[in-house]
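# Architecture and fold: a report
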Amino acid sequence: MKKNGVNQAMNQAMNRELVLCTLQHLGHCARTNLAKKTGLQQATITNIVADLIGRGIVEETGSCVGEKGRRSIGIRLSDGVYRVIGFRLTRRNFSIGIFNLACTKTEDAYFERIEDPNPEKILARACGLINDMIQTHPEYVFLAVGVAVPGPYYRDSGEIAMISSFPGWRNIQIQKIMQEKISIPVVIDHDANAAVLAESCLVSDRDMYDTMVYIAVGQGIGAGILEKGEIYHGAQGVAGEVGHTCVDVHGALCECGQRGCLTLYASTVALVSDIRSRIGNPGMSQEEAFQEIRTGNPIAVDAFKTMISYLGVCIASMMFTYNPNCIIIGDEITELGDMVIQELRAYLGRLNVGKLTKELSIELASISADSAFTGAAMLAVRRAFAHFEYFPETV
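Remember, it's a predicted structure, so these values are computed and weren't measured experimentally.

## Here's the deal with the packing of aromatic side chains
Summed over the entire model, instances satisfying the criterion amount to six aromatic pairs. Relative to Phe373, the ring of Phe99 has its centre 5.3 Å away and its plane inclined at 85°; by these criteria the two rings are edge-to-face. Remark: Phe373 occurs in helix 13 (residues 371-386) and Phe99 occurs in strand 5 (residues 93-99); sequence separation between them is 274 residues. For Phe99, a relative accessible area of 1% corresponds to the buried category. Positioned over the ring face of Tyr140 is Arg83, at 4.2 Å from the centre of the ring.

So, in C-alpha cells, the structure goes:
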C-alpha cells in the first residue's frame, strides 16, 4: 500500500500531539518524565511545552519529582479557558456535559430520559442544549463536541445504520444533522470506541497493553478495539460491532436481518427480560432484576450465568481474532461488580488454550462515571489536539 512521506510541519504536529496525549495520560509530571515517556529529545520537549504554555493549553504547577528523584517544575494540561462538550446517546436517555482538556467534567452534566425515540426530536433537543451551554459560558473557548452513539455507526459517512430496539433509528445522517446545527466541530464515534479510548488514556498503567478490547454490555453490545493507542475502525468504521455476531443460527430474528445475534442473548435488556419471564414478573425493573442476582435468587443467578455463557462465546472469539492483552467489561452490566469477571473467568477457564487465557487480563471499566460519556469528551479533545489551528496563539 502506498504511504505518504512526513514533512517537517507534519512531524512537528505529530510530536505536539504525542506530547499532549502523553501529558493527558500522565496527568502531572516534569518535562524530563515527558521526554522519557515520549522518546523525544529534551530540547524538543522544552520548545513544545513553551509553545503550549504560551497558548494557555499547559500550565506549570510547582515542583514535582522528575527523573532520578530530582525536584523539577511540574506541568499539566491547563484547566483554564479551553473546554469541549461530550454527548452520549443511549436507547433510554442521553447525557451532555462540559469537560476540560483532561476530560474531567467541569459543569454539572445534563441528563434526560428519552420518552419519544423520534430521531429528529432527540437530535434537535440535544443540539439545542449544546448550543445553550456554549452561549451560557462565554468565558470558555469551546473546541469541539464529541458524540458517542450506539451502532452500527458508519464512521466514513457519518451515518447510524440502525439501533436495535430503538424505533426510527435507521440510516440517520447524524454527523450532517448535528454539524448543521452546531457552530463548532462535531466528531462522532461508536460508544464502545469512545469508551476504550477513555479507559486506555485516563486510567493509570493501561497504556502498557498493546491490544485492548472494551466490550460494552448494556442495552446493546459493542466492542472497541485499541491497537497501540489507535482505535481499529475497519473500512467503514463498524469494526467491533459484536452485538450483531451470530451465536445461534437457529435463534430469534434480529432487526439487522440475521438470526441469533449476541444482543438478543447477552445484553442487559435480554438478561432482564429472561429473569422477568422465569420469575413471572413482567413489570420487574432492571435494578430489581439485578438485586435478585446479587442476593442469590437461584432463578435469577441461572439466567445470569446463561447470559454470561453467551458473552463468553463473544470474548473467546475476540481472543482468537485480536489476541488482546486486556479485555475490559463496561456499561450497565458493571453494576453487578466482580461477579461478572468471576463468571467470565470460570467460562474461559474451561477453554483448552492455557497461555491465551492465563496471560489475558479481564477487568471491569475503571472510570467511575460512564466510560462512553467521558469517551465522547475524549473524542473532542483528541480532535482538538490533532487540529491545532483551533487553539489561538494567545489567550
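## What about the packing of helix 2 (residues 31-38) against helix 3 (residues 42-54)?
For the pair helix 2 and helix 3, the least separation of the axes is 9 Å and the interaxial angle reads 120°. The two elements helix 2 and helix 3 meet at a crossing, and its hand is right-handed. Two secondary-structure elements touch here, helix 2 through Arg31, Thr32, Leu34, Ala35 and Thr38 and helix 3 through Gln42, Ile45, Val49 and Ile53. Partitioned by chemical class, the residues of the contact of helix 2 with helix 3 number five nonpolar, three polar and one charged.

## Things to note about the packing of helix 8 (residues 268-279) against helix 9 (residues 286-294)
Two elements in contact, helix 8 and helix 9, have axes separated by 10 Å at closest approach and are oriented at 75°. Taken together, helix 8 and helix 9 sit at an angle that is classed as roughly perpendicular. Seen from helix 8, the contacting residues are Thr268, Leu271, Val272, Ile275 and Ile279; seen from helix 9, they are Gln286, Ala289, Phe290, Glu292 and Ile293. A class-by-class count of the residues in the contact of helix 8 with helix 9 yields seven nonpolar, two polar and one charged.

## Let's talk about the pairing of strand 4 (residues 82-89)
Among the eight residues in strand 4, eight count as buried, and that is most of the element. Burial along strand 4 is two-sided: Tyr82, Val84, Gly86 and Arg88 facing one way and Arg83, Ile85, Phe87 and Leu89 facing the other are all buried. Taken together, the six bridges between strand 4 and strand 7 (residues 141-149) define a ladder with parallel strand orientation. Each bridged residue has a counterpart across the sheet, and for Arg88 the counterpart in strand 7 is Ala148. In this structure, the hairpin formed by strand 4 and strand 5 is closed by a connection of three residues.

## What about the nonpolar core?
Leu34, Leu52, Ile57, Leu77, Leu101, Phe385 and Phe391 are the most contacted members of the largest nonpolar core, which totals 50 residues. Sort the elements by how many residues they give to this core and helix 13 lands first, with 10 residues. Once residues within four sequence positions are removed from consideration, Ile57 is found in contact with Leu20, Leu52, Arg76, Leu77, Ser78, Tyr82, Leu101, Phe388 and Phe391. Leu271, Met307, Tyr347 and Leu348 belong to the second-largest nonpolar core, a separate cluster that totals 39 residues.

## Focus on the pattern of salt bridges
Scanning the entire structure with this criterion turns up 18 salt bridges. In this structure, Asp79 engages Arg83 in a salt bridge whose closest nitrogen and oxygen atoms are separated by 3.4 Å. Here Asp79 falls in the partly exposed class, since its relative accessible area comes to 43%. For Glu287, the salt bridge identified is with Arg294, shortest N-O distance 3.1 Å. The class for Glu287 is partly exposed, based on a relative accessible area of 43%. Residues participating in the shared-partner salt-bridge network are Arg88, Asp191, Asp331 and Asp370.

## Re helix 3
When the terminal C-alpha atoms of helix 3 are compared, their 18 Å separation across 13 residues agrees well with the 18 Å that a helix rising 1.5 Å per residue should span. For helix 3, the complete set of buried residues consists of Ile45, Ile48, Val49 and Leu52. Down the axis, helix 3 shows its buried residues gathered within 100° of arc, on one side only. Turned more than 90 degrees away from the buried face of helix 3 sit Ala43 and Asn47, all of them exposed. Just beyond helix 3, the residue with positive phi is Gly56, at close to 75°.

## Some details on the sheet that holds strand 11 (residues 186-190)
With mixed pairing, five strands are arranged side by side in an open sheet as 6-5-4-7-11. Either end of the sheet is taken by a strand with one partner, and the two such strands are strand 6 (110-113) and strand 11. The mean inter-strand angle of the sheet, taken between neighbouring strand axes irrespective of direction, is 15°. Of the pairings in the sheet, the one linking strand 4 to strand 5 comprises six bridges and is antiparallel in character. Bridge pairing links Ile85 to Ile98 in strand 5. Sheet contacts for helix 4 (residues 119-136): strand 4, strand 5, strand 6 and strand 7; angle to strand 5, the most-contacted strand, approximately 20°.

## Some remarks on helix 1 (residues 8-26)
Across its 19 residues, helix 1 extends 27 Å between first and last C-alpha, which sits within 8% of the 27 Å expected from 1.5 Å per residue. Of the residues flanking the end of helix 1, it is Gly27, one or two places downstream, whose phi is positive at about 85°.

## Focus on the pairing of strand 5
In terms of burial, strand 5 is largely enclosed, as seven of its seven residues are buried. Burial of the side chains of strand 5 extends over both faces: Asn93, Ser95, Gly97 and Phe99 are buried on one face and Phe94, Ile96 and Ile98 on the other. When strand 5 meets strand 6, the two strands line up antiparallel, connected through four bridges. For Ile96, the partnering residue across the bridge sits in strand 6 and is Tyr110.

## A short note on the state of the cysteines
Inspection of the entire model under this criterion finds zero disulfides. No disulfide involves Cys21; its nearest neighbouring cysteine sulfur is the one of Cys201, lying 6.6 Å away. Taking the relative accessible area as the measure of exposure, Cys21 reaches 14% and is therefore buried.

Parameters at a glance
- Residues numbered from 1 in each chain as written.
- Predicted model: local features only at pLDDT ≥ 70, side-chain atom pairs only at ≥ 80, totals over all residues.
- Heavy atoms only, no water.
- Phe/Tyr/Trp six-rings, centres within 6.5 Å; stacked < 30°, edge-to-face > 60°.
- Helix = DSSP H or I, 4+ residues; strand = E, 2+ residues; numbered from the N terminus.
- Buried < 20%, exposed > 50% of the residue type's maximum accessible area, 1.4 Å probe, protein only.
- Lys NZ or Arg CZ within 6 Å of the ring centre and 35° of its normal.
- Axes fitted to C-alpha atoms, helices over the stretch in contact; angles between N-to-C directions.
- Left-handed = near helix turned anticlockwise from the far one by under 90°.
- Contact = heavy atoms within 4.5 Å.
- Nonpolar A, V, L, I, M, F, W, Y, C, P; charged D, E, K, R; others polar.
- Parallel < 35°, antiparallel > 145°, perpendicular 65-115°, else oblique.
- Pairing = 2+ DSSP bridges.
- Core = buried A, V, L, I, M, F, W, Y, C linked by side-chain atoms within 4.5 Å.
- Salt bridge = Lys/Arg side-chain N within 4 Å of Asp/Glu carboxyl O.
- Expected span 1.5 Å × (residues − 1).
- Arc of directions from axis to C-beta.
- Disulfide = S-S within 2.5 Å.

As far as function goes, none of this settles anything; it's purely spatial.
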